[in-house]
Amino acid sequence: MVRIYFATDVHGSDQVWRKWANVPLVHGADILILSGDLTGKSIVPIIKQKDGTYTCSIFGREWRLKSETEVHEMEEKIKFTGYYPYVCTPEDVLELQKNPKKLDQLFIDLMRARIKTWMEFIIEKVNTKEKTVLVMPGNDDEFAIDEVIKSYEDRGIIYPLGKVINLCYDYEMISLDYVNPTPWNTPRECSEGELEKKVKAEVEKVKDHSKAIYNFHCPPYNTRLDLAPKLDKKLKPVYILGDPVFEHVGGKAIRKAVEERQPMLGLHGHIHESFASDVIGKTIVLNPGSEYTEGILRGFIIDLSEKGVERYWKVEG
């Protein structure tokens, strides 16, 4: 029996990443998979003042930090939530506000630095000669982080995009980072037509679909995995009688491929609210969702044998 722990959408949270790195100790997993989105969404400046104190705005309030120790503690709190702390001067802030390109480059540099720190942490915590570790970007991730992940392949971190990975018992896994269009114009999204071409290019690499695992960040359309809050034209959630309205937002190309090819298992993410499993024909599809802002790691444990998927269940903590 081989045990997989599958998670997604950590979005820069140091706390959630550290929990994921400890999964082999807690759950006895043999294979760790983290399938995008890896990076955070915002920079939080910690601004040094003339009187030697520091100020920052986060968690719904203004903070004044009186010592280097307090600055360090605040940096750690910010990292835990997935944001990027940036210690700077008021002049630095003005310069970044005037120069969007410089701000974009700073954001990318901070993302790459966080990913590098995480790679170092995982190879310190997990013996990659005994455990299989796969890490890939998702639609929210800038392409600049890919090279950082790839640079750790010689130390046991597998970057699965574009590859057919023999996970165990000759179960072949293919992977895809792209999703269908979102309201947020993320780096790795495309039209349904383009998505179908990308999916087709991957599924044609598989020898036996009955033993295949589709590790596609985008969930299949019209399942329990792709229910997200409906948004109005101003991108605000729609409510009826006080209850949020949900709609299916997954990839139709993903669903089509699963319906036609009937792989053994589908591993998906992207939609944080849909921590769920479902079945499309003979195919089990899973989405662990995400609650990274609360520091909660959500995942699915999947036990595989030579006969196929023996069992699977949700875990969080």
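For the structure, check the block above.
Conventions used here
Residues numbered from 1 in each chain as written. Predicted model: local features only at pLDDT ≥ 70, side-chain atom pairs only at ≥ 80, totals over all residues. Heavy atoms only, no water. 1 Å grid on protein atoms, 1.4 Å probe; cavity = no way out; pocket = protein on both sides within 12 Å on 5 of 7 lines; lining within 4 Å. Points joined across faces, edges and corners; volume = space filled by probe spheres on them. Nonpolar A, V, L, I, M, F, W, Y, C, P; charged D, E, K, R; others polar. Helix = DSSP H or I, 4+ residues; strand = E, 2+ residues; numbered from the N terminus. Phe/Tyr/Trp six-rings, centres within 6.5 Å; stacked < 30°, edge-to-face > 60°. Buried < 20%, exposed > 50% of the residue type's maximum accessible area, 1.4 Å probe, protein only. Lys NZ or Arg CZ within 6 Å of the ring centre and 35° of its normal. Pairing = 2+ DSSP bridges. Right-handed = clockwise from strand over helix to strand, strands pointing away.

Chemist: Run through empty space enclosed by the protein, naming residues and quoting values.
Modeler: One pass over the full model with this rule turns up one cavity of 30 Å³ or more. When its volume is computed, the largest cavity comes out at roughly 40 Å³. Lining the largest cavity, in full, are Thr8, Asp9, Val10, Val16, Gly289, Ser290, Glu291, Tyr292, Ile296, Leu297 and Arg298. The class makeup of the residues in the lining of the largest cavity is five nonpolar, three polar and three charged.

Chemist: Give me the layout of surface pockets: which residues, what numbers.
Modeler: Taken as a whole, the largest pocket spans an internal volume of roughly 580 Å³. For the largest pocket, the lining is made up of 22 residues, of which Pro183, Trp184, Ala228, Leu231 and Ile271 are closest to its centre. Of the residues that constitute the lining of the largest pocket, the class distribution is nine nonpolar, seven polar and six charged. Approximately 150 Å³ is the volume attributed to the second largest pocket. Forming the boundary of the second largest pocket are Asp14, Glu75, Lys79, Tyr84, Pro85, Leu110, Ala113, Arg114 and Thr117. Taken together, the elements giving at least two residues each to the lining of the second largest pocket come down to α3 (68-81), β6 (84-88) and α5 (100-125).

Chemist: Tell me what's going on with the packing of aromatic side chains, and back it up with residues and numbers.
Modeler: Per the counting criterion, the structure on display carries seven aromatic pairs. Aromatic side chains phenylalanine 59 and tryptophan 63 sit 6.4 Å apart centroid to centroid with 85° between the ring planes, which places their arrangement in the edge-to-face category. Here tyrosine 84 and phenylalanine 107 contribute two aromatic rings whose centre-to-centre distance is 5.8 Å and whose plane-to-plane angle is 75°, an arrangement assigned as edge-to-face. One end of the pair, tyrosine 84, is in strand β6; the other, phenylalanine 107, is in helix α5, with 23 residues separating them in the sequence. A relative accessible area of 2% places tyrosine 84 in the buried class. Cluster of aromatic residues (ring-pair linked, three or more members): Trp17, Trp20 and Trp118. Taking the ring centre of tyrosine 152 as reference, the NZ or CZ of arginine 155 above it sits at 4.2 Å.

Chemist: Explain the pairing of strand β10 (residues 171-176) to me, using residue names and the numbers behind them.
Modeler: Within β10, six of the six residues are buried, which leaves the element mostly enclosed by the surrounding structure. Where burial is concerned, the two faces of β10 agree: the one with Tyr171, Met173 and Ser175 and the one with Glu172, Ile174 and Leu176 are both buried. Where strand β9 (residues 165-168) meets β10, three bridges bridge the pair, whose relative direction is antiparallel. If you follow asparagine 166 over to β10, its bridge partner there is glutamate 172. Counted along the chain from β9 to the antiparallel partner β10, the turn is two residues long, and its residue tyrosine 169 has a positive phi close to 50°. For β10 and strand β11 (residues 212-216), the ladder comprises five bridges, and the chain directions are parallel. Residue pairing for β11: glutamate 172 is matched across the bridge by alanine 212. Each parallel crossover has a hand, and the one from β10 via helix α7 (residues 192-203) to β11 is right-handed.

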